[in-house]
Amino acid sequence: MAEKRQFRAIKGVRDILPPETALWNRVEQTARDVFATYGYGEIRLPVFEQTELFARSVGADTDIVSREMYSFQDRDDTSVTLRPEATASVVRAYIEHGMHTLPGDVKLYYMGPMFRRERPQKGRYRQFYQIGAEVLGQSEHPAIDAEVVEMLVVFLGRLGLEGASLYINSIGCKDCRPAYVERLREELRKVKAKLGPDSQRRIETNPLRVLDSKLEEEQEVIERLPRITDHLCAACREHFSAVQDQLKLRGIAYEVNWRLVRGLDYYMRTTFEITAPGLGAQNAICGGGRYDGLVELLGGPPTKGIGFAIGTDRLVLALQATKKLDVGGQLDVFIAWIGVRGYPAAGQLARRLRAENFSVELPAEDMKLKKSLGLADKLGARYAVLLGENELASGQLILRRLADGEQKALSESELLASLKSERRA
Ligand code: HAM
């Protein structure tokens, strides 16, 4: 016989267990509900794609593509990659299914696992989850940017998330950004000696990313660098200012952060991020922005796009940190049946209660009453129903509230009515 061996989940990936999964379901269902009210439909995407799709859209020099992707040669020798993000896939699907012929803007949302080989820490995993939304169409109107942000704020508000901050920026377009990036590179070369190895490397590969640095010793230098907001072309400046007007119109509080450049190459103009307290270093629960031109880059017709992705793992952590959420998944009734004749009646009662959406625990084996009640208590049941010979004979069941031990003798219909009225209260 083979030697026994235990297995553990791979580093950076994890199981999500009940009762936490109830909170995940609540978060995902709230996203579905809110996004539907803004006219978004769900798109279900493949978990792997051709490697080239991500290299082209996210950008070959980004951290994601250059060192974090899970890529492998398929048996037919094509290179495929577990998706590190989903915007590229949405755009691929938009083109593949000719969605540009659909009336109005195409509004899509998705949720599911993403894969990046980052250094694991609190709030950062190698398999993590996103809830994302994308709008694709012909218009670049700033009201679209603001409505996307509004939807996000409404969603987080409905979950009761507290203390979140919204940061926005504009990173310009192909007309104004290249000149700014060159300016930035020149300035960075002058202060190169004061920067760490990562930033030094980025001066040549991707100078904008230096602005992202959280290294304490680089902060002073970075604060003195030229700011993109001072180098936008007239059209981008106007767009950025109109986005802010549109946010104000909606009463959405925000802060401009000129260093918010994002780590993916497809962005232009509006970028935004939301941070939440209680998460430590990985405090961005959502990132997004505009990506006009990405559809064309991937072989489609000229199209504008904007969207975001929420890191579900981090959002759940933030919700757990800010508030004790009653997420349901709680056991309503434990049926403490006694004696061989008790079991069929208990089974019937369990089916009736479950049909009314109560969660019911029906022990498979006969137990002493004391043991039953002890287990009911440990499982966190709100009620126990006592069902033994006496109850069978009288047709009166005992409903016991476990919090205080209060008991009532009730017929089956009265018991159901009592549980239902309590549920409404
Ligand atoms: P992103 O900023 O790379 O953007 O990721 C969005 C969010 O996913 C982050 O703010 C974070 O909450 C979460 N996240 C990223 N990496 C990890 C990780 N290793 N562990 C846990 N959570 C993580 C995008 O992915 C873009 N596709 C967003 C977008 C959609 N832009 C336009 N449309």
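It should be noted that the structure appears before, not after, this text.
(A) Representation of the packing of helix H5 (residues 142–158) against helix H9 (residues 234–249). Close contact between H5 and H9 brings their axes to 8 Å; oriented N to C, the two are set at 45 degrees. Here H9 runs oblique to H5, going by the angle between their axes. Of the two possible hands of crossing, H5 and H9 adopt the one that is right-handed. Of the residues in H9, those in contact with Pro 142, Ala 143, Asp 145, Ala 146 and Val 149 of H5 are His 239, Ala 242, Val 243, Gln 246 and Leu 247.

(B) Seen up close, the packing of aromatic side chains. In this structure the tally under the stated criterion is 8 aromatic pairs. Here the aromatic rings of Phe 35 and Tyr 40 are separated by 6.3 Å at their centres, their planes lie at 50 degrees, and the arrangement is tilted. Connected via pairs of aromatic rings, a cluster forms that spans Phe 35, Tyr 40, Tyr 109, Phe 155 and Phe 308. When the ring centre of Tyr 125 is taken as reference, the NZ or CZ atom of Arg 14 above it lies at 4.0 Å.

(C) Representation of the environment of Val 135. Tracing the backbone shows Val 135 in strand S6 (residues 127–137). Sequence spacing of Val 135 and Cys 233 is 98 residues, and the spatial spacing of their C-alpha atoms is 24 Å. Ignoring any residue separated from it by four or fewer positions in sequence, one finds Val 135 in contact with Tyr 40, Asp 105, Val 106, Lys 107, Ile 144, Val 148, Tyr 291, Lys 304, Gly 305 and Ile 306.

(D) Main features of the packing of helix H1 (residues 20–37) against H5. It is at 10 Å that the axes of H1 and H5 come closest, and there the two elements cross at 140 degrees. Here H1 lies oblique to H5, going by the angle between them. Crossing of H1 against H5: the hand is right-handed. Of the residues in H5, those touching H1 at Val 27, Thr 30, Ala 31, Asp 33, Val 34 and Phe 35 are Met 151, Val 154, Phe 155 and Arg 158. Here the contact of H1 with H5 is built from residues that sort into 7 nonpolar, 1 polar and 2 charged.

(E) Summary view of the sheet that holds strand S2 (residues 48–50). An order of S2-S4-S3 is seen for the 3 strands of this open sheet, with the pairing classed as antiparallel. One side of each edge strand has no neighbouring strand; the edge strands of this open sheet are S2 and strand S3 (70–73). Going from strand to strand, the sheet's axes swing by 30 degrees on average, the running direction of each strand aside. In this sheet, strand S4 (residues 79–82) lies alongside S2 in antiparallel orientation, the contact comprising 3 bridges. Bridging across to S4, Gln 50 finds its partner in Val 80. Running over the sheet, helix H2 (residues 51–58) touches S2, S3 and S4 and is turned about 80 degrees from S2.

(F) Representation of the site of the ligand in the model. Surrounding the ligand, one finds 27 residues, the nearest of these being Glu 85, Glu 118, Glu 134, Tyr 267 and Ala 284. The contact in question runs from a nitrogen atom of the ligand to an N or O atom on the side chain of Tyr 266, over 2.9 Å. The separation between a nitrogen atom of the ligand and a polar main-chain atom of Phe 308 is 3.3 Å. Considering the ligand on its own, with 660 Å² of exposed area, one finds that the protein chains cover 96% of that surface. Where the shell around the ligand is concerned, the elements lending two or more residues are S6, strand S10 (284–290) and strand S11 (304–311).

(G) Structural view of the side chain of Asn 206. Take Asn 206: it is sitting in the loop between helix H7 (197–205) and helix H8 (219–223). Classification of Asn 206 as buried rests on a relative accessible area of 14%. When near neighbours in sequence (up to four residues on either side) are disregarded, Asn 206 contacts Asp 61 and Asp 265.

Criteria and thresholds
- Residues numbered from 1 in each chain as written.
- Predicted model: local features only at pLDDT ≥ 70, side-chain atom pairs only at ≥ 80, totals over all residues.
- Heavy atoms only, no water.
- Axes fitted to C-alpha atoms, helices over the stretch in contact; angles between N-to-C directions.
- Helix = DSSP H or I, 4+ residues; strand = E, 2+ residues; numbered from the N terminus.
- Parallel < 35°, antiparallel > 145°, perpendicular 65-115°, else oblique.
- Left-handed = near helix turned anticlockwise from the far one by under 90°.
- Contact = heavy atoms within 4.5 Å.
- Phe/Tyr/Trp six-rings, centres within 6.5 Å; stacked < 30°, edge-to-face > 60°.
- Lys NZ or Arg CZ within 6 Å of the ring centre and 35° of its normal.
- Nonpolar A, V, L, I, M, F, W, Y, C, P; charged D, E, K, R; others polar.
- Pairing = 2+ DSSP bridges.
- Near = heavy atom within 4 Å.
- Polar contact = N/O pair within 3.5 Å; in protein donor to acceptor, adjacent residues only side chain to side chain.
- Areas by Shrake-Rupley, 256 points an atom, 1.4 Å probe, with all protein chains shown as cover.
- Buried < 20%, exposed > 50% of the residue type's maximum accessible area, 1.4 Å probe, protein only.

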